[in-house]
Amino acid sequence: MPSRRALIGGVAASVAAAVLAAPEVRAQTQPGVIVVGGGFAGASCARALKRMDRDLAVTLIEPEAAYLACPFSNAVIAGLRGIEAQTFSYDQFGSYDRFGDIALIRKRAVGVDAERRRVRLDDGTDIGYTRLVLAPGVDLRFDALPGYDEAASAIMPHAWKAGAQTLLLRDQLAAMPDGGVVILSVPPNPFRCPPGPYERASLIAHYLKTSKPRSKLIILDAKDAFSKQRLFEAAWQELYPGLIEWVPLSSGGRVTEVDPATRTLVTEFGNHQADVANVIPPQRAGAIAQSAGVADQTGWCPIDPVTFESRLQPAIHVIGDAAIGGAMPKSAFSANAQAKACAAAVAALVRERRPAQPKLINTCYSLVAPGYGISIAGVYQPRDGLLAEVEGAGGTSPLEAPLSVRELEAAYAQDWFRTITSEVFG
């Protein structure tokens, strides 16, 4: 993992009004790159662009005043940390440092004219670009599971975007009587953070074990296998015997319909009634990706694995959870790694240089309990038009390991979160 010192990059910003007033002037003197989305992918990319070429005019479009991070939000659900620990402002984008300024526009990007190379904002104005980087994250597909829509999520929270839904699920668990049944519904691949549901199940189980020991957790899964499965299952057997029941696809785990009024989840093998139902619906790339024409029929955005340029629209690059192009999973670490590789490619392209072949790393930590962590790591490189895993370059935590190793991995997870959020948000 890179050192914290090497990771932390400075950012500066001019005010949005100045940017909106002068994009045409900039276009004549500096290549202009617009980045849409201020999460782990977009904010990382904006900063990396400035580090690589301080003369680039870089604009970050992000409507929210603060970013709520999903990594570690499962610990909020289990009552192990507060939501404030997940919250990061963009204040550091308003100062100047040795890397020069990044213009921060606090508006929502609602459309892209790919032919004219302009981004339309929610106030009706638009802004031109030489290259556009989209990092919109995911949208939840409320049309994909009968009975489950935005109103239903107020009863059966998804909690798959950190914030109010995270707190709703936490509060429902706290209000549930001892002896209750919690059901967690997991969608088919692909979705944001493949190990996330199983970390969530683990930490909810920890909460039940310590606060409501007569309760039970059922995982209804639309898959027959999942990330770090052997490690999770071994830990569940050790820490939570008899508390967690995992129902895979082949045993009727796929949820086909829900009834919020009765908190019932319907599967091909029968119905399950919950006291607390956590329904994680299928997902797709964020709305701006659909509008820009960079998402295909799958709902995700195919990209060139060297430049992250869209396979469907020239001069538009897609990074983070919205992109799909091989074996690299959707995670905050992946988003950060892709952001840097994409920034290097964009910085080369606007200067009419040939981008270098990237090699990217992803490491994902999961907490099974406080002080008990497991991980998986992978290295990826372009091969046959996709991001392919480098064989033998990654791996998981050892299956047979003493508690001291699990404690170290839990500490590494905390260190990773502090490092990446410091790099991205200052």
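1. Section: the overall build of the chain
On a plain count of helices and strands, the chain comes out with 11 helices and 25 strands. In terms of overall size, the chain behaves like a compact globule, its C-alpha atoms giving a radius of gyration of 22 Å where 426 residues would be expected to give roughly 22 Å. Judged by the C-alpha coordinates and their principal axes, the chain covers about 70 × 45 × 40 Å. When the 426 residues of the chain are sorted by exposure, 56% land in the buried category. In the chain, the proportion of contacts linking residues at least 24 apart, taken out of those at least 6 apart, comes to 68%. When the accessible surface of the chain is summed, it comes to about 17,300 Å², and 50% of that surface belongs to carbon and sulfur atoms. Looking at the chain, you have 42 positive and 43 negative side-chain charges, and the mean spots of the two groups are 5 Å apart.

2. Quick look at the sheet that holds strand β7 (residues 118–121)
The three strands lie next to each other as β6-β7-β8, forming an open sheet whose pairing is antiparallel. The sheet terminates laterally at β6 (109–113) and β8 (126–128), the two strands that pair on one side only. Between one strand axis and the next, the sheet turns by 25° as a mean value, whatever way the strands run. By the bridge criterion, three bridges tie β7 to β8 in an arrangement that is antiparallel. Directly across from Arg118, in β8, lies its bridge partner Gly128.

3. Some thoughts on the packing of helix α7 (residues 196–211) against helix α8 (residues 229–239)
Orientation of α7 relative to α8, taken along the N-to-C sense of each, is 5°, at an axis distance of 11 Å. Between α7 and α8, the interaxial angle falls into the category roughly parallel. Within the contact between the two elements, α7 uses Tyr198, Glu199, Ala201, Ser202 and Lys209 and α8 uses Phe232, Trp236 and Leu239.

4. What to know about the packing of aromatic side chains
In total, this model carries 17 aromatic pairs according to the counting rule given. Between Phe142 and Tyr148, the ring centres sit 6.0 Å apart and the planes meet at 35°, which makes this aromatic pair tilted. On the accessibility criterion, Tyr148 (1% relative accessible area) is buried. On the numbers, 6.4 Å between centres and 50° between planes, the contact of Trp416 with Phe417 is tilted. The class of Trp416 is buried, set by a relative accessible area of 9%. When the ring centre of Trp300 is taken as origin, the NZ or CZ atom of Lys330, which lies over that ring, is 4.1 Å away.

5. As for the nonpolar core
Taken as a class, soluble globular proteins show a tendency for nonpolar side chains to be buried jointly. In terms of nonpolar packing, the biggest core is built from 113 residues, with Val119 and Trp236 touching the most fellow members. In this structure Val119 touches Ile34, Ile61, Ala109, Gly111, Val112, Thr125, Asp126, Ile127, Tyr129 and Leu132, once residues within four positions along its chain are discounted.

What counts and what doesn't
Residues numbered from 1 in each chain as written. Predicted model: local features only at pLDDT ≥ 70, side-chain atom pairs only at ≥ 80, totals over all residues. Heavy atoms only, no water. Helix = DSSP H or I, 4+ residues; strand = E, 2+ residues; numbered from the N terminus. Rg over C-alpha atoms; globule rule 2.2 N^0.38 Å. Buried < 20%, exposed > 50% of the residue type's maximum accessible area, 1.4 Å probe, protein only. Contact = heavy atoms within 4.5 Å. Areas by Shrake-Rupley, 256 points an atom, 1.4 Å probe, with all protein chains shown as cover. Lys, Arg positive; Asp, Glu negative; His and termini not counted. Charge placed at Lys NZ, Arg CZ, Asp CG, Glu CD. Pairing = 2+ DSSP bridges. Axes fitted to C-alpha atoms, helices over the stretch in contact; angles between N-to-C directions. Parallel < 35°, antiparallel > 145°, perpendicular 65-115°, else oblique. Phe/Tyr/Trp six-rings, centres within 6.5 Å; stacked < 30°, edge-to-face > 60°. Lys NZ or Arg CZ within 6 Å of the ring centre and 35° of its normal. Core = buried A, V, L, I, M, F, W, Y, C linked by side-chain atoms within 4.5 Å.

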